[in-house]
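# Coordinate inspection notes
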Amino acid sequence: MAAYDALKFGMGAPDLPLPESWLPRARSLALALAEGERARGPWLDVQRLFSWLPPDEPLGEGLFRLAEALPRTPDRASRRALLREHVPFLRAPAVAALALPLAEAGLRAVARQFVYAESIEAALAQARDDRRHRFSFDMLGEGARTAEDAARGFSRYARAIAATGRAGEPQRLGVSIKLSSLHPRFDACGYPAARALLLERVAGLCASAARAGIGLTIDAEESERAPLQLDLFAALARRPELLAWDGLGIVVQAYRTGALETLREVLALARLRREAGGAALAVRLVKGAYWDAEVKRAQELGLDGYPVFTAKGRTDLAYVAAARALLDAAGIVFPQFATHNPVTVACIVALSEARPPCPFEFQRLHGMGEGLDAAMREQLPALPVRVYAPVGERQELLAYLVRRLLENGASTSHVRQAARSSDPGALVDAALAFAEGPPPAPRLPDPTEILMPERRLARGPDLGRLPTLERLAKEVAAAPKDWLAPVADGDAGTARQAIDAAYAYRDEWARTPVEQRAAALERLADRMEADTPRLVALCVREAGKTLADAHADVREAIDFCRYYAGEARRLFVPLPLPSPAGERNELTLHGRGVFACISPWNFPVAIFTGQVAAALAAGNTVVAKPAEQTPRAALRVTELALEAGIPAQALHLVPGRGEEVGQALVDDPRVAGVAFTGSNATAKAIQLALARRDGPIAPLIAETGGLNAMLVDSTALPEQVVDAVVASAFRSAGQRCSSLRMLYLQEEIAPVVLELLRGAMAALRVGDPADPATDVGPLIDEEAHRALSGYVVQMRAKWPVVGETPLPARAGNFLAPVAFEVGSIRDLPGERFGPILHVARFRIGDLDRVIDDVNACGFGLTMGIHTRLQSRAEQVRRRARVGNLYVNRNIIGAVVGMQPFGGEGLSGTGPKAGGPHYLPRFALERTFTVNTAAAGGDLSLVTSSL
């Protein structure tokens, strides 16, 4: 039977057979609950809110965005601007000024409907008056970014546990905790070092809860943290002093594709605990949160699949299958089913009635599912319901609310559908489809195939997961030791010999069909993907890149090859042009001849490959000179290119010193163009050399550095800002052209952001780039270390330090990330290519002046703006002269084909690498005109006119 087969999904054969009657029972109960939910909902709940203000319509979306930002925005001008932008009828300034206090009061009133209380004492007082429900109190707050945050999180949980224990109702009351609130490095990179302290803190909280006799549940977080959460939970479950305690609980998210495997591990742990004489474990089964963020992350990383189901029917199926497994495990677990869906409730009740009785409970969020709760009291009066009750201060209330609203606002969610439907029966039938047939097909293409059929994205492992990160580290350690092989530098004579060979083959390669050139680049991409561990190892050892940064470098190179292959197919075909009667006109692109590609050390695979791939795709032969520090990575890419079928006559690698090899390349009139990425000074020298030489004028495609700025206004979320700043300024040890150099903070928000930044910087780890625990690797060489260390000494004498990272006592060219507070970008002497951040405060009325100051530096590569005001982002967009402007994210890691990368002014010539205008710069244009009327007239015209 279909329903029986469906419930075996992912779990193996069920322990107990299911009677045929369970599905009819589930359908009839679901219909009764859905009708009761519709009739008994309170005046304000999520369903009514969605009915009045749909989140996918302008007013609903605007009010949700307003609710997220308004409470934390300190200055009145920005609060009024938020009102004007998100509520159309308040756009007149006078109206907005009058409406602001009313709007703030209204939002607080709405928040009180969904957030239980502002303190644990108030929450307990309310819970005493509600005898119908059990409660689990969740102390609101963002994950810890600093050690101070983590200490506050621990104190907040400890106080909540103590107060809840004193209430004397152990069965009714408990607490929920988030591990990310207890340590700033609850992530794959930091977990090995953080584990001992994190376990000590969680075990201490559990011991307090056990003494108080109350339950403590460890909440689920992002999917990449699930293995870390399970590791800590297993350690807690095995601790002798906690064995007899029946309040230890964990959350399992059914929307995760690995949910049932996680549940297997939890059940195995529960069996071992029971065999050791321990109490049952509590398991809270939820659907899951942040689905859109999980999908976006998987696509950005190029994962083999999504960590979450992309069809809601599969989530529903996994949830009910997991629920059955929990019911079958009665005695070793206490099941807790968190849902706002009457169909899910009905399925669980029907399954429970088909087996021996066992205790379990349902759970709902405070302020949500109240209509269903009322219907359950009528239909299922004996079943207990626990309310998940968020407790937090004013600034945390509405951010929490918006997250919950957006989760429940998905078009497939029951809450959203119930708000719009007048037919409960149709909703029930649609929701039960998962139990009557095969699992529904995935809704989205795999992450690497989102751009198909144009091209497949480079695959990437989920390095946010500790097992994957450790596996990559082992693969890199086992890779061939290419960095130990000797590389012979070429000289001017070697460069001229390479030009001789490339020049002789230029016409043959230009005549090679574009399909053949493109196919060779795609084969190169495939070979690089297969050789990823070796290429990553070269990036780590030659360039000092961390594992994550090295892998991203290789992925970008693979994407360049596939993107330029597709662009060549699109562009290098005859383009018909408008023509008069009796004439045919076409435009075609052709290779220029020999291209010199001069690449830097900071992206030894990506930029080297990108330049070479573009030049070859356009029909040029190439002489490539890699950076002096990273020749072995370039050599490996060249070997793979030859294996992929790119002729040896078309691609010539000449490592060596810039003063010899590079100079010989740009001086030779047979070189028809130069692609260069590096310093502005070197780009100017190349420009002058090209201008001095005889022969045709050759194009220079240059991408240089930048004094890149990020502007943060008072509407921005501080935690999001700090995450973006740390990544932008300190990843790759600040050795990216796009790295953040200048951070501007609106003065009202500056103290909070700087405190978070200081703590986040202190939590970074500097060390061996091959170590999975390293966040920041070394500088490229001793010369860079000497120059930047001297600059830091000068800055310390002049400006206050606002944050820095501890530097371990070890040999090497390591420089600790450091941030100084300066007056403005005008105080900077120029670009400093390392992990050094400059910070300044500004008044929001001076925003235009700040942008003008940034523009006046002459660079124009990347800029960021953090704001919840679209009008403010547009203000920056109109005024800033930068190649890449990013809103509410970091300013590094441009993606090929999605965020074409390159600057203007002192930051480069354009066109942008990885963009649709790049290949034509490597090519010549030719037109072809045929007088079709020459042979007695235009037959097509005569024929069509008759």
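So, how was this worked out
- Residues numbered from 1 in each chain as written.
- Predicted model: local features only at pLDDT ≥ 70, side-chain atom pairs only at ≥ 80, totals over all residues.
- Heavy atoms only, no water.
- Helix = DSSP H or I, 4+ residues; strand = E, 2+ residues; numbered from the N terminus.
- Rg over C-alpha atoms; globule rule 2.2 N^0.38 Å.
- Buried < 20%, exposed > 50% of the residue type's maximum accessible area, 1.4 Å probe, protein only.
- Areas by Shrake-Rupley, 256 points an atom, 1.4 Å probe, with all protein chains shown as cover.
- Lys, Arg positive; Asp, Glu negative; His and termini not counted.
- Charge placed at Lys NZ, Arg CZ, Asp CG, Glu CD.
- Pairing = 2+ DSSP bridges.
- Axes fitted to C-alpha atoms, helices over the stretch in contact; angles between N-to-C directions.
- Contact = heavy atoms within 4.5 Å.
- Parallel < 35°, antiparallel > 145°, perpendicular 65-115°, else oblique.
- Left-handed = near helix turned anticlockwise from the far one by under 90°.
- Nonpolar A, V, L, I, M, F, W, Y, C, P; charged D, E, K, R; others polar.
- Salt bridge = Lys/Arg side-chain N within 4 Å of Asp/Glu carboxyl O.
- Right-handed = clockwise from strand over helix to strand, strands pointing away.

Bringing the overall build of the chain into the picture now. Counting secondary structure elements, the chain contains 33 helices and 23 strands. Compactness check: the chain gives a C-alpha radius of gyration of 31 Å against a globular reference of 30 Å for 946 residues, within 12% of the reference. Projecting the C-alpha coordinates of the chain onto the three principal axes gives extents of approximately 95 × 85 × 65 Å. Here the chain, with 946 residues, has 58% of them falling under the buried criterion. When the accessible surface of the chain is summed, it comes to about 37100 Å², and 54% of that surface belongs to carbon and sulfur atoms. Counting 109 positive and 109 negative side-chain charges, the chain places the centres of these two groups 3 Å from one another.

Read across the open sheet, the seven strands follow the order 18-19-20-17-16-21-22; overall the sheet is mixed. Of all strands in the sheet, those with a lone pairing partner are strand 18 (801-804) and strand 22 (884-887), marking the two edges. The sheet shows a mean angle of 20° between the axes of neighbouring strands, taken without regard to direction. One ladder, built from three bridges, connects strand 18 with strand 19 (residues 818-821); its direction is antiparallel. Residue pairing across strands places Val801 opposite Phe820, the latter belonging to strand 19. Each of strand 17 (740-746), strand 18, strand 19 and strand 20 (836-842) touches helix 29 (residues 750-762); the most contacted strand, strand 18, lies at about 35° to it.

So, about the packing of helix 2 (residues 22-40) against helix 18 (residues 424-431). Packing of helix 2 against helix 18 brings their axes to within 9 Å, and their N-to-C directions diverge by 135°. Classified by the interaxial angle, the pair formed by helix 2 and helix 18 is oblique. When you trace helix 2 past helix 18, the crossing you get is right-handed. In this structure, helix 2 contributes Arg27, Ala30, Leu31, Ala34, Glu35 and Arg38 to the contact, and helix 18 contributes Pro424, Gly425, Val428 and Asp429. Looking at the contact of helix 2 with helix 18 residue by residue, the classes come out as five nonpolar, one polar and four charged.

Our next topic: the pattern of salt bridges. On inspection of all chains with the given rule, the structure shows 66 salt bridges. Arg72 is the salt-bridge partner of Glu68, the closest N and O atoms lying 3.0 Å from each other. Accessibility assignment for this pair places Glu68 and Arg72 in one class, buried. Arg145 is the salt-bridge partner of Asp723, the closest N and O atoms lying 2.7 Å from each other. Here the residue Asp723 occupies a position in helix 28 (residues 718-730), and Arg145 occupies one in the loop between strand 1 (134-139) and helix 8 (147-166), the gap between them amounting to 578 residues. For Asp723, a relative accessible area of 38% translates into the label partly exposed. Connected through salt bridges with shared partners, the residues Asp304, Arg456, Arg459, Asp526, Glu529 and Arg562 form a single ionic network.

Another point: the sheet that holds strand 1. Spatially, eight strands are ordered 1-2-3-4-5-6-7-8 in a closed barrel, and the strand pairing comes out parallel. With strand direction ignored, the average angle separating the axes of adjacent strands in the sheet is 30°. The pairing of strand 5 (residues 281-286) with strand 6 (residues 333-338) spans five bridges and is classified as parallel. Within strand 6, the residue paired with Leu281 across the bridge is Val333.

Moving on to the pairing of strand 14 (residues 671-677). Of all seven residues in strand 14, seven are buried, a share of seventy percent or more. By the bridge criterion, five bridges tie strand 11 (residues 594-598) to strand 14 in an arrangement that is parallel. Within strand 14, the residue paired with Cys597 across the bridge is Ala675. Taking the sense of rotation as the criterion, the β-α-β connection linking strand 14, helix 27 (residues 680-692) and strand 15 (residues 700-703) turns out right-handed.

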